[in-house]
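Geometric and topological summary
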Amino acid sequence: MSPRDCRVATGALAVLVVMAGCRGRGDPVAPFEITEAKMATDVNADRQPLNTTSEFPPGTDQVHCWFAWKNARPGLPLTARWHYQTDRINILNLRVALNRASDTGAFTLRMPPGKTLPAGEYRIELEVKGKLVKSVPFTVQSAPTQSPSAETPPAQASREGS
């Protein structure tokens, strides 16, 4: 076989390998995507966010991160990582398996009874296989500080009939 014939045979073999790799695959699969994510004060029975906000009032004891996704393969693991940015603390990691190609869901950060979230900056990160796909920041506001009231002058003592 001449060198030219070798190059033609090698080139033809490369084309066959590429074509064989594409056979049966059809259209490429679209990548998983979080299409929307919002913080909310609550989520209804239909998994829709209520009162979306990025700022929560003092005394908040729970927050919800509502999200919508598409192109998930069955069982795709999604991890939520809650962070308290003010003190650089990882609060909690939660992992769920997405069983539908597209849908909505929510993660909830809830304090124990009688406790509230500390004031400060927070963030929730949504990850798939260790890769960040969405980050949502939010704030819990500080309670207003009470200003000292104007001092009342001491009462004047009076003596009648002295």
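Residues numbered from 1 in each chain as written. Predicted model: local features only at pLDDT ≥ 70, side-chain atom pairs only at ≥ 80, totals over all residues. Heavy atoms only, no water.

Turning next to the overall build of the chain. Scanning the chain for helices and strands turns up one helix and nine strands. Every one of the 162 residues in the chain was classed for burial, and the buried ones make up 27%. Residue pairs at least 24 apart in sequence account for 62% of intrachain contacts in the chain once pairs closer than 6 positions are excluded. (Helix = DSSP H or I, 4+ residues; strand = E, 2+ residues; numbered from the N terminus. Buried < 20%, exposed > 50% of the residue type's maximum accessible area, 1.4 Å probe, protein only. Contact = heavy atoms within 4.5 Å.)

Turning our eyes to something else, we now look at unusual backbone geometry. Positive phi is not limited to glycine here, since Asn71 has a value of about 65°. In this structure, Asn71 sits in the loop between strand S4 (62-70) and strand S5 (76-84). Unusually for a residue other than glycine, Arg88 sits at a positive phi of about 55°. For Arg88, the location among the structural elements is in the loop between S5 and strand S6 (89-98). On the basis of relative accessible area, Arg88 is assigned to the exposed category, the value being 80%.

With mixed pairing, five strands are arranged side by side in an open sheet as S3-S9-S8-S5-S6. At either end of the open sheet lies a strand with only one pairing partner, and these are strand S3 (55-56) and S6. As paired strands, strand S8 (residues 120-128) and strand S9 (residues 131-140) are joined by nine bridges and run antiparallel to one another. Its bridge partner being in S9, Leu126 is matched across the sheet by Lys134. (Pairing = 2+ DSSP bridges.)

As for its placement among the helices and strands, Thr60 is situated in the loop between S3 and S4. A polar side-chain atom of Thr60 sits 2.6 Å from the main-chain carbonyl oxygen of Pro57. With residues near it in sequence (within four places) discarded, Thr60 still touches Thr116 and Leu117. (Polar contact = N/O pair within 3.5 Å; in protein donor to acceptor, adjacent residues only side chain to side chain.)

What follows concerns the nonpolar core. Core analysis: the biggest nonpolar cluster contains 25 residues, and Met39, Trp82 and Ile124 have the highest contact counts within it. Counting only elements with at least two residues in this core, the list comes to strand S1 (33-43), S4, S5, strand S7 (103-110), S8 and S9. Among the elements that make up this core, the one with the highest residue count is S5 (five residues). In this structure, Ile124 is in contact with Met39, Cys65, Ala80, Arg81, Trp82, Phe107, Lys134, Ser135, Val136 and Phe138, ignoring residues within four places of it in sequence. (Core = buried A, V, L, I, M, F, W, Y, C linked by side-chain atoms within 4.5 Å.)

Further remarks concern the pattern of salt bridges. For the structure shown, the criterion picks out six salt bridges. In this structure, the salt-bridge partner of Arg100 is Asp103, at a minimum N-O distance of 2.5 Å. Three or more residues joined by partner-sharing salt bridges are found here, namely Arg47, Arg100 and Asp103. (Salt bridge = Lys/Arg side-chain N within 4 Å of Asp/Glu carboxyl O.)

Moving on to the packing of aromatic side chains. Applying the stated criterion across every chain yields a total of six aromatic pairs. Put simply, the rings of Phe56, Trp82, Tyr84, Tyr122 and Phe138 touch in pairs and so form one group of aromatic residues. (Phe/Tyr/Trp six-rings, centres within 6.5 Å; stacked < 30°, edge-to-face > 60°.)

For the rest of this paragraph, the subject is the pairing of S8. Of all the nine residues making up S8, eight are buried; the element is thus mostly covered by neighbouring parts of the structure. Of the pairings in the sheet, the one linking S5 to S8 comprises six bridges and is antiparallel in character. Residue pairing across strands places Ala80 opposite Leu126, the latter belonging to S8. The hairpin turn running from S8 into S9, its antiparallel successor, is two residues long, and Lys129 in that turn takes a positive phi close to 55°.

It is worth spelling out the sheet that holds S1 at this point. Here we have four strands laid out as an open sheet, ordered S2-S1-S4-S7, and antiparallel in their pairing. At either margin of the open sheet sits one strand with a lone partner, and together these are strand S2 (49-52) and S7. Along the sheet, successive strands turn relative to each other by an average axial angle of 40°, direction set aside. One ladder, built from eight bridges, connects S4 with S7; its direction is antiparallel. Bridged to Ala68 within S7 is Thr104. (Axes fitted to C-alpha atoms, helices over the stretch in contact; angles between N-to-C directions.)

Remember, this is a structural readout, not a statement about activity or role.
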